[in-house]
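Survey of secondary and tertiary structure
Chain residues, written in single-letter form:
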Amino acid sequence: MDQPTKGSRIPGFYNFSLEERLAELGQRGQLSSEDLAVLSGAAGLDAAQADHMIENVVGLHALPLGIALNFQVNGQDVLVPMVIEEPSVVAGASFMARLARSGGGFQAHTTAPEMIGQMQLLDVPDLQSARLTILEQKKSLLEEAGEIDPVLKKLGGGPRDLEVRMIEDSPVGPFLVIHLIYDVRDAMGANAVNTAVERLAPRITALTGGRVHLRILSNLADRRLARARCTIPLSELAFGDFKAETVRDGILEAWAFAAADPYRAATHNKGIMNGVDSVVIATGNDWRAIEAGAHAYAARSGRYTSLSAWGKDAQGNLVGTLEMPLAVGIVGGATRVHPTARAALKLMGITSASQLAEIIVSVGLAQNLAALRALATEGIQRGHMSLHARQVAIAAGARGEMVERLAQQLVAEKTVRIDRAEAILQEWKT
Ligand code: MEV
């Protein structure tokens, strides 16, 4: 093994054995042997703990946990844990992080961790007058909401604003929607927000004479945004027979497709979410909430479009940006209960939810670049094939060294199919 470095560059990591990879993480100092055992899968969440998390538990479901290398976010190197079943994602993120690194890495920031709690107010005799009543009482309503969660209050969180929207056209007639804007600090915030809107609802009913129906958080967390930017030096883009300008312009054309066409944008954004979700899951966060928020945000103009944008700077370098809602937490929920999520946060040295969101949005941007670069040049299948071939080899029954040997044979034959893999295994046995 090479001399360990403190940063996120670990040359040859791909070729290390599982044990060597864990030893490399161990040498970095921030993880205990217990944390390493958890990351390795030898320890971690057990069925008894899981039994307290959801209902009717019968066991656990495992997924691969890989480490993305080369990431530098806001000048800090970070090793990023990714949980995903799809081949090429971890390698793609790591490779693009290396290209971005030579342009200064990722610059990322977040807006305040403000979530939106919604109250649906029905049966008000006069919408305008009810709206004004609520707005007139805003100060006292916010004061009341501020007393609901003393822990959050102590941490500097709590209600920030109250907005009233009018839905004029709906199948049940016009109604009001009240948004409670709530700063949830380092939590994902669903519990805090849902509690707050449930507690505030009787006051709204009393004030307006209407009926508060739904009281629930919105996953379109468009006040809790994360943004990342990276610059890829033009010279880094050339590879094989592809000239740097060809790769850059191909990426710009690929992005233009997603920007203009919802059918392409859905796939383009799926690629971004390959990176985002992997880290969201590794850290025990709610990936359905993140998915819902991301796609709703992508459609905020009324037409579904790309979450990222690509362009070039005055020197002709490729510049990428990504902006999306990222309601992730590092306290509460599974983030603190799940041993692997705890170890994942520790590996990254995360001390705030915004820091986590900044890393996640950077990984999303890297993943997007990996997909666009491949699609705009040699196509996606080439890179996918060898990893896919390994999965097919395992599914066909290969084990140990046989996996790699069979995978290589399938790729060489350009027939990565289970029936062929089984046939080859059979031939090798006889
Ligand atoms: C596959 O999981 C993700 C991609 O389809 C993303 C894209 O097309 O941009 C490769």
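Above this text sits the structure in question.
This report concerns the structure included in the present document. Note that this is a predicted model, so its numbers are computed, not measured.

Thresholds, definitions, all that
- Residues numbered from 1 in each chain as written.
- Predicted model: local features only at pLDDT ≥ 70, side-chain atom pairs only at ≥ 80, totals over all residues.
- Heavy atoms only, no water.
- Buried < 20%, exposed > 50% of the residue type's maximum accessible area, 1.4 Å probe, protein only.
- Helix = DSSP H or I, 4+ residues; strand = E, 2+ residues; numbered from the N terminus.
- Phe/Tyr/Trp six-rings, centres within 6.5 Å; stacked < 30°, edge-to-face > 60°.
- Lys NZ or Arg CZ within 6 Å of the ring centre and 35° of its normal.
- Near = heavy atom within 4 Å.
- Polar contact = N/O pair within 3.5 Å; in protein donor to acceptor, adjacent residues only side chain to side chain.
- Areas by Shrake-Rupley, 256 points an atom, 1.4 Å probe, with all protein chains shown as cover.
- Nonpolar A, V, L, I, M, F, W, Y, C, P; charged D, E, K, R; others polar.
- Pairing = 2+ DSSP bridges.
- Axes fitted to C-alpha atoms, helices over the stretch in contact; angles between N-to-C directions.
- Left-handed = near helix turned anticlockwise from the far one by under 90°.
- Contact = heavy atoms within 4.5 Å.
- Core = buried A, V, L, I, M, F, W, Y, C linked by side-chain atoms within 4.5 Å.

1. Topic: helix α13 (residues 339–348)
- Within α13, eight of the 10 residues are buried, leaving the element largely enclosed by the surrounding structure.
- When α13 is considered as a whole, its buried residues turn out to be Pro 339, Thr 340, Ala 341, Ala 343, Ala 344, Leu 345, Leu 347 and Met 348.

2. A short note on the packing of aromatic side chains
- Under the definition given, this model contains three aromatic pairs.
- Seen from their ring centres, Phe 71 and Phe 106 are 5.5 Å apart, and the 20° between their planes marks the pair as stacked. Of this pair, Phe 71 sits in strand β1 (residues 65–73) while Phe 106 sits in strand β3 (residues 106–110); the two residues are 35 residues apart in sequence, bridging distant segments of the chain.
- With relative accessibility at 1%, the residue Phe 106 sits in the buried group.
- Each ring, one from Phe 239 and one from Phe 242, has its centre 5.2 Å from the other, and the planes form 40°; the classification is tilted.
- Geometry around Trp 428 places Arg 405 over its ring, the cationic atom sitting 3.9 Å from the centre.

3. A word on the site of the ligand
- Residues in contact with the ligand, as listed here, are Glu 86, Arg 264, Thr 267, His 268, Lys 270, Gly 271, Asn 274, Ala 371, Leu 375 and Ile 380.
- Note that an oxygen atom of the ligand is positioned 2.7 Å from one of the side-chain N or O atoms of Arg 264.
- One of the side-chain N or O atoms of Asn 274 is found 2.9 Å from an oxygen atom in the ligand.
- For the ligand, whose accessible area on its own is 300 Å², the fraction buried by protein is 85%.
- When residues of the shell around the ligand are traced back to their parent elements, those giving at least two are α10 (262–282) and α14 (353–375).
- Looking at the shell around the ligand, the element that brings in the most residues is α10, giving six residues.
- Of the residues belonging to the shell around the ligand, the class tally is three nonpolar, four polar and three charged.

4. As for the sheet that holds strand β6 (residues 175–183)
- Sheet architecture is open: four strands sit in the order β5-β6-β4-β7, paired in antiparallel fashion. Pairing within the sheet leaves two strands with one partner each, and these edge strands are β5 (158–167) and β7 (211–218). Recorded for the sheet is a direction-independent mean angle of 20° between the axes of neighbouring strands.
- When β5 meets β6, the two strands line up antiparallel, connected through nine bridges. Note that in β6 the partner of Arg 165 across the bridge is Val 177.

5. Regarding the packing of helix α2 (residues 33–40) against α13
- α13 packs onto α2 with a crossing angle of 115° between their chain directions and a minimal axis gap of 9 Å. The chirality of how α2 crosses α13 is left-handed. Two secondary-structure elements touch here, α2 through Asp 35, Val 38 and Leu 39 and α13 through Pro 339, Thr 340, Ala 343, Ala 344 and Lys 346.
- The class makeup of the residues in the contact of α2 with α13 is five nonpolar, one polar and two charged.

6. Considering the nonpolar core
- One finds Phe 71, Val 80, Met 324 and Leu 326 to be the most contacted residues of the largest nonpolar core, which totals 62 residues.
- Beyond its immediate sequence surroundings of up to four residues, Met 324 is in contact with Arg 224, Leu 225, Ala 226, Met 273, Val 276, Ile 290, Ala 294, Tyr 297, Leu 307 and Val 361.
- Counting residues in each nonpolar core, the second largest holds 32 residues, with Ala 130, Leu 141, Ala 201 and Ala 221 among its members.

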